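Residue-level structure breakdown
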Number of protein chains: 2
Amino acid sequence: MIKILVDAMGGDNAPYATVAGAVQALNKDKELYLILTGRQAEVEAELKKYTYDKSRLEIVDCPDVIDMNDIPTEAIKRKQSSLIAAYWMLKKEEDIRAFVTAGSTGATIVGGQLILGRIRGIKRPALCPAIPNSRGGVTLLLDCGANAECKSSMLCQFALLGSAYATAGFGIQNPKVGLLNNGTEEHKGDPLRQQTYKYMKQMQGINFIGNIEGRDIMMGDCDVAVADGFSGNVALKSMEGCGKLVLGVMKKEFSATLSSKMGYLFMRKAIKKMRTQLDFDKFGGALLLGLKKPVIKSHGSSKPVSIANSIANAASIYRGNLVPKVEQLLEDVDLSFTVDNDEA
Amino acid sequence: MIKILVDAMGGDNAPYATVAGAVQALNKDKELYLILTGRQAEVEAELKKYTYDKSRLEIVDCPDVIDMNDIPTEAIKRKQSSLIAAYWMLKKEEDIRAFVTAGSTGATIVGGQLILGRIRGIKRPALCPAIPNSRGGVTLLLDCGANAECKSSMLCQFALLGSAYATAGFGIQNPKVGLLNNGTEEHKGDPLRQQTYKYMKQMQGINFIGNIEGRDIMMGDCDVAVADGFSGNVALKSMEGCGKLVLGVMKKEFSATLSSKMGYLFMRKAIKKMRTQLDFDKFGGALLLGLKKPVIKSHGSSKPVSIANSIANAASIYRGNLVPKVEQLLEDVDLSFTVDNDEA
């Protein structure tokens, strides 16, 4: 059994979407055992709607809920909340392997650092979504918002973390690492990028392919794109916005005239495939990478399928031995030469 | 007559695309007078293919060409190049109103600053493309790469410049200005964003709506999105990459089966409309904003229609009195309180 915690109260559509997603994941993977944290009565009411193996699901009653307006550092003191209770269990109980939440990003990050804790040697955890690319696979982009300000030594660690995730989570061998920059030439970017480029060129343990530009993320020219949390967040959300525009225009245009409606009948499959290609939730949320156990932050607006995908992703990351892989890399790869500009 | 310079040798498809685009623009707008700089024989050979009003087009022979591998600061010493010769004419001849090039971005920026010069009071020019949004209009995004590092006082000027462009180029009254950040809450972002937010809230002369996220650019929640050149570039290219992926998938999927091919016959119009919605060149290149005259950088891979759109955009910006508008704003709006962090 793989025990995974699910924050049943996190996200805009909780507990409906979280419970439905948990049941979907449970029914698909017979090795899963899920622990749902949340308001017991509400969670039970949702669970009644479905058929599932009751011996592989339990509820831990948490009367309190953290919402988007809470200040993260304050919120994590509320131990009766579904998110914080989950973090304490994750920390204390060895056989619980991972945690999935669609709750507040800020509280997820703060709780992860202060309660669960980082892998020994990791400076800062990074938020890492898997982005669909034109090769039908994924490009991992990190950091996407856990650290608005970064230093070269952090970006170098992100390269290691992302490489380990690409292998453990998606079976990508020798993943290609690119540095997100405003041009591909070696001298491009601000001092942070210029310094990081030099370090990454020297680094062992990663397959560094050089600078990449924003457009290369979805083109899939690399497997791991390394960014500071500010520009990574901007990149991710810009792509999401573009995808949203496309889906919106499709919806409108494809039902605008009788002719296009008829065409739609013929093209349903192709259009469905297009939608899937743009589905940022397909690959299961953003991994908060660098913590002692995998924590997955699913989108606040997660639907059941997104939650199910995030749970499946958490199981796959655990099965892929992510954390031991990271620990091994940290042991094998000497990063002591990555001195930051302001320390130099 | 509105005299506009066109760099006939700039871009991957020059002089074919530049000459074809110039002729298209000339035939569409009877008030235009175009001056093409480039290798005379090559340009004439291209011009022979078309019918156009010869009294409104002239060629200035420039035997030299700057390519992407040239170092900008070195390249601008080569006065016989089509780009640099154009800048000198733009500077010296008062009745030449604007300049369009698909050549090297670096040389365009350096030449603009060192030869043509900035509007009095402008710290740094910014590269500002018009991005198609879900409302069918444009969102202006600046800076998109002229300045990898920015200070608060620069971002505040960009807000003024972008507002003037929105009105002069696109007729948008009281344009909404957003600050590109990694979240919408007031406290979000790095120190640069936090400081800039405070200044923009106090600024006269702009309609500041607060922080925006990457996804809001193409959603069209604001008319002007202000960014440092690094993250603006990342945002722009991330959206381009997403658009490219969508168009690629469309092309593949819509001709994959007999059924989808039939569907395509019915949906041609709708699909064409979708393509147009994702066309980043539709609105005519990126304006290098803050110089004494409008300079438009068209994409390096510009096709004739992109060049034609850039020329039309240049004419429209001149007609909209962009530069006087910027000068007026600089006179009316006191920005002296926008002291940068490192000066404070």
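Provided above is the structure to which this section pertains.
Attention in this report is confined to the structure presented alongside it. Fair warning: this is a prediction, and the values are worked out from it, not measured in the lab.

At the interface, 52 residues of chain A touch 52 residues of chain B. Together chain A and chain B conceal approximately 4500 Å² of surface at their shared face, both sides included; 74% is due to carbon and sulfur atoms. Summed over the shared surface of chain A and chain B, the result is six salt bridges. In this structure, E213 of chain A engages K237 of chain B in a salt bridge whose closest nitrogen and oxygen atoms are separated by 2.3 Å.

Residues and elements named next belong to chain B. Taken in spatial order, the eleven strands of this open sheet run β3-β2-β1-β4-β11-β10-β5-β6-β9-β7-β8, and their pairing is mixed. Pairing within the sheet leaves two strands with one partner each, and these edge strands are β3 (57–61) and β8 (207–212). Averaged over all neighbouring strand pairs, the angle between strand axes comes to 25°, with direction disregarded. Relative to β3, strand β2 (residues 32–38) is paired through five bridges, and the arrangement is parallel. Looking at β3, one finds that G38 is bridged to D61. Strands in contact with helix α9 (residues 229–253) are β5 (126–132), β6 (138–142) and β7 (176–180); relative to β6, the strand with the most contacts, it is inclined by about 140°. In this fold helix α11 (residues 304–319) packs onto β1 (2–7), β2, β4 (96–101), β10 (286–289) and β11 (295–297), with an angle of close to 145° to the strand it touches most, β1.

Residue and element names in this part refer to chain A. What helix α12 (residues 322–332) keeps buried is the set L322, V323, V326 and L329. Relative to the axis of α12, the buried residues are bounded by an arc of 125° and lie together on one face. For α12, the exposed residues set more than 90 degrees away from the buried face come down to E331 and D332. Close packing links the buried residues of α12 with α6 (152–170), β10 (286–289) and α11 (304–319).

Quick look at the relation of the copies chain A and chain B now. Between the two copies, chain A and chain B, the superposition gives an RMSD of 0.0 Å; the rotation angle is 180° and the shift along the axis is 0.0 Å. A rotation of that kind, with that shift, is consistent with a two-fold axis. Distance from the rotation axis, computed per C-alpha, reaches its smallest value in chain A at G263 of chain A: 1.9 Å. Looking at the interface residues of chain A, 100% of them are also at the interface in chain B, so both copies use one shared face.

In this section: the packing of helix α6 (residues 152–170) of chain B against helix α12 (residues 322–332) of chain B. Residue and element names in this part refer to chain B. Their axes nearest at 9 Å, the elements α6 and α12 cross at an angle of 140°. In terms of axis orientation, α6 runs oblique to α12. As for the relative orientation of α6 and α12, their crossing is right-handed in sense. Contacts between α6 and α12 involve Q157, L160, L161, A164, Y165, T167 and A168 from the former and L322, K325, V326, L329 and L330 from the latter. Its residues assigned to classes, the contact of α6 with α12 shows nine nonpolar, two polar and one charged.

Moving on: the packing of aromatic side chains. In the structure shown here, the tally under the stated rule is ten aromatic pairs over all chains. With a centroid separation of 5.4 Å and 55° between ring planes, the pair formed by Y165 of chain A and F170 of chain A is classed as tilted. Taking 5.4 Å as the distance between ring centres and 75° as the angle between the ring planes, the aromatic pair formed by Y197 of chain A and F208 of chain A counts as edge-to-face. Of this pair, Y197 of chain A sits in helix α7 (residues 191–202) while F208 of chain A is found in strand β8 (residues 207–212), placing the two residues eleven residues apart along the sequence. F208 of chain A carries the same exposure label as Y197 of chain A, and that label is buried. Grouping aromatic residues by their ring pairs yields a cluster made of Y165, F170 and F283 of chain B. Sitting over the ring of Y33 of chain B, K3 of chain B keeps its end group 5.2 Å from the ring centre.

This part is about a positive patch on the surface. Residues and elements named next belong to chain A. A surface patch of positive charge is lined by K79, K91, K92 and K292. Secondary-structure assignment places K292 in the loop between β10 and β11 (295–297). According to the relative accessible area criterion, K292 is partly exposed, its value standing at 47%.

Residues and elements named next belong to chain B. Buried residues dominate β5, accounting for seven of its seven residues. Side chains of β5 alternate between two faces, with A126, C128, A130 and P132 and L127, P129 and I131 buried alike. As defined by bridge partners, β5 adjoins β10 across four bridges and the pair is classed as antiparallel. In the sheet register, L127 faces β10, and the bridge partner there is L288. The pairing of β5 with β6 spans three bridges and is antiparallel. Looking across to β6, one finds that P132 is bridged to V138.

All names here are of chain A. A cis amide bond, omega -5°, links L142 with the succeeding residue D143. A positive phi angle, near 60°, is found at N321, a position not held by glycine. Here N321 shows up in the loop between α11 and α12. Owing to a relative accessible area of 42%, N321 belongs among the partly exposed residues under this scheme.

Criteria and thresholds
Residues numbered from 1 in each chain as written. Chains lettered and ligands numbered in written order. Predicted model: local features only at pLDDT ≥ 70, side-chain atom pairs only at ≥ 80, totals over all residues. Heavy atoms only, no water. Contact = heavy atoms within 4.5 Å. Buried area = accessible area lost by both parts, 1.4 Å probe. Salt bridge = Lys/Arg side-chain N within 4 Å of Asp/Glu carboxyl O. Pairing = 2+ DSSP bridges. Helix = DSSP H or I, 4+ residues; strand = E, 2+ residues; numbered from the N terminus. Axes fitted to C-alpha atoms, helices over the stretch in contact; angles between N-to-C directions. Buried < 20%, exposed > 50% of the residue type's maximum accessible area, 1.4 Å probe, protein only. Arc of directions from axis to C-beta. Least-squares fit on C-alpha atoms with pLDDT ≥ 70 in both. Parallel < 35°, antiparallel > 145°, perpendicular 65-115°, else oblique. Left-handed = near helix turned anticlockwise from the far one by under 90°. Nonpolar A, V, L, I, M, F, W, Y, C, P; charged D, E, K, R; others polar. Phe/Tyr/Trp six-rings, centres within 6.5 Å; stacked < 30°, edge-to-face > 60°. Lys NZ or Arg CZ within 6 Å of the ring centre and 35° of its normal. Patch = residues over 30% accessible without salt bridge, like charges linked within 9 Å, V, L, I, M, F, W, Y side chains within 5 Å. Areas by Shrake-Rupley, 256 points an atom, 1.4 Å probe, with all protein chains shown as cover. Lys, Arg positive; Asp, Glu negative; His and termini not counted. Charge placed at Lys NZ, Arg CZ, Asp CG, Glu CD.

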